[in-house]
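# Residue-level structure breakdown
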Amino acid sequence: MIRHILPLLLFALTAFVQTAPAAEPTGPGVAGMLPAASKASLEDNQARPYLFADPGFYQWGGTPILGDDGLYHLFYDRWPRDNPRGMYGWLYITEIAHATAAQPEGPYTYRNTAISSPGDDPPGRWDAVNTHNACITRFPHPETDKPTYYLYFIANRGDKTMSDPWLVHVGHQRIGVAWSESPDGPWTRHPEPVCQPGGPLRHYGVNPGVTRLPDGRYLMVLKGRGMVPEKPQEWGPMLHGWALADKPTGPFVIQPTLLFPGSVSAEDPCVWVQDGRVFAAVKDWHGKLSGQPGISWVYGDLQADGTIAWKVPAKPSITGRELKWDDGTRTPVYALERPFILLDAQGRPSHLFAACAREDEFKGSSQKPNPNPPPIPAASLPFNVCIPLSPAR
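Residues numbered from 1 in each chain as written. Predicted model: local features only at pLDDT ≥ 70, side-chain atom pairs only at ≥ 80, totals over all residues. Heavy atoms only, no water.

This part takes up the overall build of the protein chain. Along the backbone of the protein chain there are four helices and 24 strands. For 393 residues, the compact-globule formula gives about 21 Å, and the C-alpha radius of gyration of the protein chain, at 20 Å, lands near that figure. The buried share among the 393 residues of the protein chain stands at 56%. Here the analysis covers contacts within the protein chain between residues at least 6 apart in sequence; of these, 58% occur between residues at least 24 apart. Accessible area of the protein chain: about 16,400 Å², with a carbon and sulfur share of 54%. If you average the places of the 35 positive and of the 38 negative side-chain charges in the protein chain, the two averages end up 4 Å apart. (Helix = DSSP H or I, 4+ residues; strand = E, 2+ residues; numbered from the N terminus. Rg over C-alpha atoms; globule rule 2.2 N^0.38 Å. Buried < 20%, exposed > 50% of the residue type's maximum accessible area, 1.4 Å probe, protein only. Contact = heavy atoms within 4.5 Å. Areas by Shrake-Rupley, 256 points an atom, 1.4 Å probe, with all protein chains shown as cover. Lys, Arg positive; Asp, Glu negative; His and termini not counted. Charge placed at Lys NZ, Arg CZ, Asp CG, Glu CD.)

Overall, antiparallel pairing links the four strands, which are arranged β11-β12-β13-β14 in an open sheet. Among the strands making up the open sheet, the edge pair consists of β11 (202-212) and β14 (253-258). Each adjacent strand pair in this sheet contributes to an overall mean axis angle of 35°, direction not counted. By the bridge criterion, six bridges tie β11 to strand β12 (residues 218-227) in an arrangement that is antiparallel. Across the sheet, the residue bridging to Val 206 is Lys 223, located in β12. (Pairing = 2+ DSSP bridges. Axes fitted to C-alpha atoms, helices over the stretch in contact; angles between N-to-C directions.)

What follows is about the packing of aromatic side chains. Taken as a whole, this structure holds 18 aromatic pairs when the rule is applied. Both rings, one in Phe 52 and one in Tyr 108, keep their centres 6.0 Å apart while their planes meet at 50°; by these two values the pair is tilted. Taken as a pair, Phe 52 in strand β2 (residues 51-52) and Tyr 108 in the loop between β5 (95-101) and β6 (109-115) lie far apart in primary sequence, 56 residues in all. Residue classification places Phe 52 among the buried residues on the basis of a relative accessible area of 7%. (Phe/Tyr/Trp six-rings, centres within 6.5 Å; stacked < 30°, edge-to-face > 60°.)

Here we take up the layout of surface pockets. Each pocket or cavity is described by its volume, and for the largest pocket that value is around 740 Å³. What lines the largest pocket is a set of 34 residues, and nearest its centre among them are Trp 90, Lys 223, Glu 267, Glu 337 and Phe 362. Among the elements of the structure, β7 (129-140), α4 (165-171), β11, β12, β13 (235-245), β15 (266-274), β16 (277-284) and β22 (335-343) are those that each provide at least two residues to the lining of the largest pocket. A total of four residues in the lining of the largest pocket trace back to one element, the largest contributor, which is β22. Among the residues making up the lining of the largest pocket, the classes are represented as 18 nonpolar, six polar and ten charged. Of the volumes computed, that of the second largest pocket is approximately 610 Å³. Looking at the second largest pocket, it is lined by 25 residues, and the ones nearest its centre are Pro 64, Ile 65, Phe 340, Leu 342 and Leu 343. Elements with a contribution of two residues or more to the lining of the second largest pocket: β3 (57-66), β7, β11, β15 and β22. When residues in the lining of the second largest pocket are grouped by element, the largest group, five residues, is from β7. (1 Å grid on protein atoms, 1.4 Å probe; cavity = no way out; pocket = protein on both sides within 12 Å on 5 of 7 lines; lining within 4 Å. Points joined across faces, edges and corners; volume = space filled by probe spheres on them. Nonpolar A, V, L, I, M, F, W, Y, C, P; charged D, E, K, R; others polar.)

The next point concerns the sheet that holds strand β10 (residues 188-189). The antiparallel open sheet is built from four strands, whose spatial order is β7-β8-β9-β10. Each having just a single partner strand, β7 and β10 make up the two edges of the open sheet.

What follows deals with the side chain of Ser 41. Looking at the secondary structure, you find Ser 41 in helix α2 (residues 41-44). Looking at Ser 41, its side chain comes within polar contact range of the main-chain oxygen of Gln 46, at 2.7 Å. Apart from residues no more than four positions distant in its own chain, Ser 41 is found in contact with Gln 46, Ala 47, Arg 48 and Leu 51. (Polar contact = N/O pair within 3.5 Å; in protein donor to acceptor, adjacent residues only side chain to side chain.)

Judged by nonpolar contacts, the single largest core of 38 residues is most densely connected at Leu 34, Leu 51, Tyr 108, Leu 323, Phe 383 and Val 385. Among the elements that take part in this core, strand β24 (residues 383-390) stands out by supplying five residues, more than any other. Apart from residues no more than four positions distant in its own chain, Val 385 is found in contact with Leu 34, Tyr 50, Leu 51, Leu 323, Leu 336, Leu 352, Phe 353, Ala 354 and Cys 356. Counting residues in hydrophobic clusters, the runner-up holds 36 residues, among them Met 87, Tyr 92, Val 177 and Leu 222. (Core = buried A, V, L, I, M, F, W, Y, C linked by side-chain atoms within 4.5 Å.)

Below, the discussion takes up empty space enclosed by the protein. The gaps left among the atoms become clear once a water-sized probe is rolled over them. Under the criterion given, the structure shown has three cavities of 30 Å³ or more. Looking at the largest cavity, the residues that line it are Gly 61, Thr 63, Ala 134, Cys 135, Pro 208, Gly 209, Pro 269, Cys 270, Arg 338, Pro 339 and Phe 340. Of all elements in the fold, only β3, β7, β11, β15 and β22 reach the threshold of two or more residues within the lining of the largest cavity. Ranked by the residues each element gives to the lining of the largest cavity, the list is headed by β22, at three residues. A breakdown of the residues in the lining of the largest cavity according to their chemical character gives seven nonpolar, three polar and one charged.

Take a look at the structure:
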């Protein structure tokens, strides 16, 4: 089956290629093994090397960065385990927390909360509710050229224009940014979204991944919804596109082409630049990129007209939906999402970070508040995992 699927994907992704690269890149590598001693975190939800868990919180989407202090600073989404919506609380009460460790694999220790919901003050602000989808970067400040941390996130607000409160908040999701000279803050939030729905991506914008291109522009990959031509108010399929900006604070302008075809059920892209090429790691939901569900990668070449030609490599899989241990065992997992690739001092991929849950993370959860929520099993409480990368064979 995969021999029939990949040629179609390659054709769709290279329809606008102007020049072909001489050779396919080697990519980020494949998932290595984790120490079996950390396997206990799956049972007690405690933090250990390679598994950053917390028994009191749902965790999601960890993105690390090496600070000038020699520590690794992890920015991640978290919300209380005992909230009345369970996993669905991600849309309403997430905060972006900050943890540190001496090594990229941890163990990480919570340090502070970077940003959280500001509330509707002043009234009508776009980001009154939630902070989610953390993506930490560091770029030169466009005015001072001083290295500055930029923390991208999504937020939303509610109103009474739709009958379903859940869809109200989903439809108002936009991407914002906060910046600071220190990973400890204080953080300055941009007063407006840095990217608005447009082009092929409509209705909302989420899942930002940001990097700086070799030509100095800033690239964002993100998710939105397509249009239903005969019913423009209805939401079409989930689509993934890319946007460009001249500054890290935007505005990011969504481009007319997609990151990959809408028929490919992949999401959560993160991006980085390596050897003059652009790479993205994605959640390969049903294995339509690689042949197995898990995390896969695609890459792009900068074209003479400033666009990026995205392609699927011959072997796109980074990992299946499992954790491999150095005692020879493997743990199948229900969720492995929000990938983030950490680069080493030479700019090479060294570790894959991802949100992970052993069993269905939505177990016992509901979109509407439950005054008596059931206990959340330890196996359904998501955590952040750090997986070392090995060269692909």
